[in-house]
Amino acid sequence: MITKQKGTYDIYGLEAKKRMYVNDILDALCQKYNYSNIITPVFEASELFHRGVGESTDMVQKETYDFKDRGDRDITLRPEGTAGVVRWFIENKMYGNMSDPVKVYYNMKMYRYERPQSGRQREFTQWGFECFGSDDALADAEVISLAYNAYRLLGLDNITIKLNTLGDAESRENYKVALKKYLEPNIKDLCPDCQERFNKNVLRILDCKFDAENEILKNVPKINDYLNEESLNRFNKLTELLDLMDINYVVDDKLVRGLDYYTHMVFEVVLDDSYALGGGGRYNNLVETLGGPSIPAVGFAMGYDRTMQMLDEKGIEIPVNDDVDVYLLYVSEDEKETAAYLAQDLRLNGFICETDLMSKSLKAQFKSVDRYNSKYLIVLNDKDLANDEVVIKDNKTKEEEHVKLNDLVDYLDMHM
Ligand code: AMP
């Protein structure tokens with residue numbers, strides 16, 4: 001037997017319907033914020049992730065699916081959405097007229113070669129969005145507002161935004177120098193990953209899960225003390241806007257996020273003060289790093305699968321079911337043709353309709369009616385059809401009514 005690959009999963013039936021329902025909510029919300037949908041290719045040139053985003057990030061080092069295609073090209077399956085969207089933005093010269101921002105959202109599969117565990121798959125979905133062209137705190141606030149309200153609209157109300165700023169390049173460089181100076185005498189006491197990060201991306205030591213309780217990390221210098229005036233003002237403006245918008249946030253000066261393309265604001269969406277469901281931030285240099293002009297941008301990515309899992313664990317009901325509206329039974333082969341065209345007619349008029357495709361006995365067809373939990377059933381027979389009518393039965397109340405074939409759609413419209 002061929003089985004599914006490690007870290008992948010099949011989505012079927014009610015689970016798939018739940019996702020469609022959640023997608024509809026998220027699509028509608030994104031459209032209210034005037035974001036357009038984008039779908040980028042699953043595979044891209046490897047250099048998009050390996051050069052552009054920076055070799056020092058954890059994800060790039062360990063987690064991508066890289067391979068050579070038959071044309072000897074270096075290919076990578078997208079591990080995140082932002083780089084592909086930025087590639088699209090540059091390739092299509094979307095920056096041509098930046099008098100208004102370019103705002104897009106996506107719902108796409110991502111691929112990371114991770115050790116599969118709860119909440120970590122090798123193929124997973126991220127729902128995310130990006131806003132190009134504005135360097136204003138108002139754009140930061142809009143992105144945070146969209147992320148925050150998406151979870152709340154889905155019914156996850158105990159949501160907190162963890163917020164931090166990494167400042168501009170000058171502030172960040174000053175901070176990195178101070179951090180290195182502070183950590184250097186004690187670096188041997190930190191975990192091997194942190195020792196490696198010390199030279200490659202010292203900021204990432206701050207959010208090391210392994211060393212979180214280590215006294216050395218508890219007393220590190222604070223980024224706040226190294227922000228220049230512009231960076232500080234911008235962050236203060238953002239928190240003012242979030243206060244005004246009544247968004248529940250806390251400032252966490254250890255939050256740096258995994259990817260090193262972030263500048264200024266970074267944030268994470270946390271459920272019940274502990275569970276990270278997504279994250280994002282401002283990335284003012286990435287468009288330029290990937291070969292475009294200098295265009296500021298800000299974005300967010302939701303871990304969609306974890307969000308679905310949380311909806312489930314919290315018992316938040318998603319109103320979907322597999323029920324059928326009308327089941328068409330037939331007494332003999334003679335009524336099969338009527339079943340075929342009538343089923344099509346009802347379906348095209350908006351009803352979920354089933355008929356027997358297995359040439360079952362009438363008794364077995366009745367069993368299917370219950371299995372499909374059909375609201376109505378119609379037993380097609382030559383006597384009724386000769387009068388251009390059917391007998392429709394409500395499967396719950398067991399009430400029956402004679403209805404002319406021409407009036408059937410109206411009848412169902414009135415009763416459903
Ligand atoms: P990141 O792109 O790493 O910032 O991740 C954003 C969100 O995507 C995380 O908060 C997770 O909820 C989700 N996520 C990241 N990696 C995985 C994975 N391997 N499997 C499932 N969800 C993931």
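Anything mentioned here points back to the structure above.
A quick note: this is a predicted structure, and the numbers were derived from the prediction, not measured.

Q: Help me understand the packing of aromatic side chains, please; the structure alone is not making it clear to me.
A: For any pair of aromatic rings, the description consists of the separation of the ring centres together with the inter-plane angle of the planes. Scanning the model with the defined rule gives twelve aromatic pairs in all. Where Y327 meets Y372, the ring centres are 6.0 Å apart and the plane angle is 35 degrees; that geometry is what we call tilted. You can see Y327 sitting in strand β12 (residues 326–330) and its partner Y372 sitting in the loop between α13 (362–371) and β14 (376–380), a full 45 residues away along the chain. Taking the centre distance of 6.4 Å and the plane angle of 80 degrees together, the rings of Y376 and Y411 count as edge-to-face. Residue Y376 is found in strand β14, and its partner Y411 is found in helix α15 (residues 408–415); the two are separated by 35 residues along the sequence. One exposure class covers both Y376 and Y411, and it is buried. A network of ring pairs unites the aromatic residues Y35, W127, F129, Y151, F267 and F300 as a single cluster. In this arrangement the basic side chain of K180 is found over the ring face of F198, its NZ or CZ atom lying 5.5 Å from the centre.

Q: It is not clear to me how the pattern of salt bridges should be interpreted in this structure. Could you clarify?
A: One side chain can pair with another of opposite charge once the charged atoms of both are near each other. Enumeration over the complete set of coordinates arrives at 26 salt bridges. As a salt-bridge pair, E142 and K103 come within 2.8 Å of each other at their nearest N and O atoms. Linking E142 in helix α5 (residues 137–154) with K103 in strand β5 (residues 102–111), this pair joins segments that are 39 residues apart in sequence. By relative accessible area, which is 24% here, E142 ends up partly exposed. Where D252 meets K162, a salt bridge forms, and the shortest distance between an N and an O atom there is 3.6 Å. Highlighted residues: D252 in the loop between β8 (249–251) and β9 (265–271) and K162 in strand β7 (residues 159–165), separated in sequence by 90 residues. Residue class for K162 comes out partly exposed when judged on its relative accessible area of 26%. Several salt bridges share partner residues, and in doing so they unite D135, D140, E230, R234 and R282 into one network.

Q: Sorry if this is basic, but what is going on with helix α4 (residues 82–91) here?
A: Quick reminder: α-helices carry 3.6 residues per turn. Residues three or four places apart thus point the same way. For α4, the buried fraction is high: eight of the ten residues fall into the buried class. Residues of α4 that are buried include every one of T82, A83, G84, V85, V86, W88, F89 and I90, and no others. Among the residues trailing α4, K93 stands out with phi positive, at a value near 45 degrees.

So, how was this worked out
- Residues numbered from 1 in each chain as written.
- Predicted model: local features only at pLDDT ≥ 70, side-chain atom pairs only at ≥ 80, totals over all residues.
- Heavy atoms only, no water.
- Phe/Tyr/Trp six-rings, centres within 6.5 Å; stacked < 30°, edge-to-face > 60°.
- Helix = DSSP H or I, 4+ residues; strand = E, 2+ residues; numbered from the N terminus.
- Buried < 20%, exposed > 50% of the residue type's maximum accessible area, 1.4 Å probe, protein only.
- Lys NZ or Arg CZ within 6 Å of the ring centre and 35° of its normal.
- Salt bridge = Lys/Arg side-chain N within 4 Å of Asp/Glu carboxyl O.

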